[in-house]
Structure formats: C-alpha cells, structure tokens
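# An overview of the molecular structure
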Amino acid sequence: MLLEVKGLNKRYEGQVACEDVSFDLWPGEVLAIVGESGSGKTSLLKCISTQLGFDSGTVHYKGADLGAMGEAAKRELMRTQWGFVHQDARDGLRMGVSAGANVGERLMAVGERHYGSIRQTAAEWMARVEIDPARMDESPRQFSGGMRQRLQIARNLVSRPQLIFMDEPTGGLDVSVQARLLDLLRGLVRDMGLAAIVVTHDLAVAKLLSSRIMVMQKGRVVEQGLTDQVLEDPQAAYSQLLVSSVLQV
Amino acid sequence: MQHLLEITALEKHFILHLQESQRIDVFSDFSLTLDEGQSLGLAGPSGKGKSSLLKIIWGSYQPQAGSIRIRHRGEVVDIMRASPREVLDIRRHTIGYVTQFLRVIPRVPAIDVVAEPLLERGVAPEKARQRASELLERLSIPEKLWKLPPLTFSGGEQQRVNIARGFCAPSPVLLLDEPTASLDALNRARVLELVRDALSAGSAVIGIFHDEAERLSVCSRSLIL
C-alpha cells in the first residue's frame, strides 16, 4: 500500500473541514475526490500532502507515519517521491525563470548534475507535454494558460515521482484545452504507473482519469467506490444529486 | 464451487433519493449458474433488468443482498464483497464486457481502443495490435480508419469497434449487451461467429439478443426477464 489515511479530522476555527476520513491508495491507482466547493476536498488534499496540519487521525506513506516525520524528511519526500499540480500553474511554477529551467530544476533537486543531460531531458519532457522545445528559454509568462499547465505537469513528472496530487488540474481552462490536458494526463499516468489523487468538482474529469471516486460533503465521505459504480449507481442522496446535475451534451 | 459463475439470492433495487425516495425493484431472490462453454440469452421488454444484470456482474451496479461468485485466477471471489482493486483485477482477467455504446476517449486511435484489454494484461503492444487488427478486419472496419479516434465514426462503426474491443482478450466470462443491434446482416453474422468461437474456446457468455432466431442460434439457454 502506498498511502493509508485513517480517521483524519481537521477543523478551522471550529468549522469542520474533514471529519473521520479514511481511505487507502495503492501504487498505480488514481483516486478522484469529488464534491462541491467547501466540501473539504482541497483541505483533505493539503492535510495528506503535509501542507496543512490536522487535528487527529493518521496518514502513512509506504508505512511511515507522516505525522511523526521531521520537516527535512517531508521536504525530501515532496522533492523526490511526490508531485503537486496546482489549479493555478503560477503556484506550481517559478515564473521568474525559463520554461526549461522550471523542468530542469526538479532534476537537479534529485541529484542530476550534468548540464547537457538536464537540458536534454527537459527538452524531451517539453515535447512529451506538447510544448515546442524550441521555446525552452522563454519565460512561462509568455505561455498560454494551457501551456503553463502542461509545463507544470512536466516539471512534476520529470523526476519520476510515485504519487502525484492534483487540485482541479483543468480548472479555469477552456473546454478544448481541458480535453487535451486530460488526455495527456491520462496517458502519462498510465504509461508511468503513477498513483494520483485528483481533487475535482467536475465528474467528467473524474470519469476520464480515475479508477476510484470518493464523494465528499461537508467534510465527510458520503460514498466511495469504483468510478463507474459511483457514477452509474450512486447510493447516497448527495451522490445522486451530483451525478444528476451533470450537463449532458 | 463447481460453476464458473454462481449468482445466489440476488436482490437489487434502486432508491431515487431525488424523487421522494421512490423505490424501483429490479431483482428479488434471483439465482443463476453458468459453466464453461455455456451461453445464456437474455430477452424481454426494456426496463426489466437485462442490462442491469450485466452491470451487476461487471460490478458497476451494487445489489443489496445475495452473492455473485466467480472463478477468478483459480479462486472463487464474490464480486459483491470484493475490494475495488479485486473487481478491477476480475475485469482485467476474467470478465469481458461489450457495452451498448462505445466509451470514446479523445485522441486514442481505434486500434488502441481495441487493443487496450490485452495491453492491460501486459501483452506486448505489437502482439496486442496484431490481434486488434485481425478483429477490426473481421468486423469490416476499413484499415484507413484504424489510426483515427472513433469519435468521428458512424454509430455502426463505433459499435463494431466496441465489439472488437470486447473480444480482443479471451475472457472466461463474456457479457454482451445487444451486440448485434443496428448492424447489417453481414456484420451480425460475423458477431455471431465471434460468439461461437469464444464458446468453443471455453468462454461462458451472457448476452442480450432481441432477435429470437439469433438468440437460439448461439445460446444454449434463454431467460426471458
């Protein structure tokens, strides 16, 4: 098992963000956490990825208790084994350095030292996320929203992490740009055997990327199961409402 | 367990929470067994649970009671009580499912859509695509379409791609949801031929066939729901 979350609770100033959340994640599995704004899904993602402390419960990564882990060890984990794709690419990229450096930096963080091979790998990854490598010396400020998001993905995947956290990875992008990004992500996750936790309010994103879904409402998990099971035969009233609210084209 | 598949005392209803918790009963105390090489044809008016039965076996519908035991990699597993990981493993290795409509994934070429079940079993891409192209050819999909995503194909072409996908990896249990609907006579005959081939290779089949002659030609038993 890669990740084991047990009885996680988190409150903000008396308000419940996550209540008694438990789930497992195995290598290569993609779990989607769905629910409307304020359902606690982003807080949960932050708690699990050690960006936010929690009140009670445990999170184990490969058997190690994250609650008992020192700051240095956590940073090491984030740098070498985890990736984080933010909704706003500006939160995940360094906007002041070139696109190629954004990708190359992660390689240096995992110990790669040879300039030529870093540049070479960065170029390969830019091509893999469908950005012309000829633009690697440009600043991400000159990129469109969709390109920035793809660059953020390249920056995260270049160091071959085992677990990637994604918070609304397609939020704020045009529909056609979304489709391309989702398809790219789906292929990369599959080819690399990545495990991922994707927070999204968009069930279409969950359907395309995940094998399992967890439905959250008011900080609680109201239902979890295989993606097609939750989407085709939702049991909880709230899941039925979510599924029936999807616009059919 | 002697049988390949054994459904016992199945109970399935839907509670529609958004419609005053209206309850729709689909199965109550329903039992069924299936062995290697056997084929069960499902028929009956719509809304009586034919597709639901296939979805229950596939694990995408959750029954309230009973058991669905299947022989999977030499062991007996109850699909209703299996973990999501186990259900995915059963789907990968033991159950093949031809759905009514192809779930199209943007930008994935038809040949890879068809080859995917074999790729998921770890078969080499070259070999998987070879098998996929044989099936596409057999179901008369023109070769110039193989490299295109099926999004733009006609309804009938999409359905044939879907059938090819369902038959690509040999599965001990095959679920077929109206595999011959809306196909022309030639392709209907080809699909029935694929079903017969699967049966003689030892697969068990549960299929929805509205045409009685078709059903009788491939099914050893019929169940009118």
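This text follows the structure it describes.
Residues numbered from 1 in each chain as written. Chains lettered and ligands numbered in written order. Predicted model: local features only at pLDDT ≥ 70, side-chain atom pairs only at ≥ 80, totals over all residues. Heavy atoms only, no water.

## Description of the overall build of chain A
Within chain A, the secondary structure is distributed over 10 helices and 10 strands. In summary, chain A has a C-alpha radius of gyration of 18 Å against a globular reference of 18 Å for 249 residues, a match within 12%. If you line up chain A on its principal axes, its C-alpha atoms span 55 × 50 × 35 Å. The 249 residues of chain A split such that 52% are buried. Seen as two clouds, the 28 positive and the 30 negative side-chain charges of chain A have centres 5 Å apart. (Helix = DSSP H or I, 4+ residues; strand = E, 2+ residues; numbered from the N terminus. Rg over C-alpha atoms; globule rule 2.2 N^0.38 Å. Buried < 20%, exposed > 50% of the residue type's maximum accessible area, 1.4 Å probe, protein only. Lys, Arg positive; Asp, Glu negative; His and termini not counted. Charge placed at Lys NZ, Arg CZ, Asp CG, Glu CD.)

## Some thoughts on the pattern of salt bridges
In total, this model carries 29 salt bridges over all chains according to the counting rule given. Linking Arg69 of chain B and Glu6 of chain B is a salt bridge whose minimum nitrogen-to-oxygen distance equals 3.5 Å. Remark: Glu6 of chain B occurs in strand 1 (residues 5-16) and Arg69 of chain B occurs in strand 4 (residues 65-72); sequence separation between them is 63 residues. As a salt-bridge pair, Glu116 of chain B and Arg165 of chain B come within 2.8 Å of each other at their nearest N and O atoms. Note that Glu116 of chain B is positioned in helix 3 (residues 110-120) and Arg165 of chain B in helix 5 (residues 155-168), a separation of 49 residues in sequence. Of the residues examined, Arg165 of chain B reaches a relative accessible area of 27% and is grouped as partly exposed. Several salt bridges share partner residues, and in doing so they unite Arg186 and Arg190 of chain A together with Glu116 and Arg165 of chain B into one network. (Salt bridge = Lys/Arg side-chain N within 4 Å of Asp/Glu carboxyl O.)

## A look at the interface of chain A and chain B
Taken together, the contacts link 24 residues of chain A with 26 residues of chain B. Roughly 2,100 Å² of surface becomes buried between chain A and chain B when both sides are summed, with 49% attributable to carbon and sulfur atoms. Area buried by chain A at its contact with chain B is led by Arg190, Leu226 and Asp233 of chain A, which between them contribute 24% of it. Joining chain A to chain B, the criterion identifies 7 salt bridges. Between Arg107 of chain B and Asp183 of chain A there is a salt bridge whose closest N-O contact spans 2.6 Å. Along the contact surface separating chain A from chain B lie 14 residue pairs in polar contact (both at pLDDT 80 or more). For the side of chain A that touches chain B, the secondary structure elements donating two or more residues are helix 7 (175-192), helix 8 (203-209), strand 10 (220-226), helix 9 (227-232) and helix 10 (237-244) of chain A. Sort the elements by how many residues they give to the side of chain A that touches chain B and helix 7 of chain A lands first, with 5 residues. (Contact = heavy atoms within 4.5 Å. Buried area = accessible area lost by both parts, 1.4 Å probe. Polar contact = N/O pair within 3.5 Å; in protein donor to acceptor, adjacent residues only side chain to side chain.)

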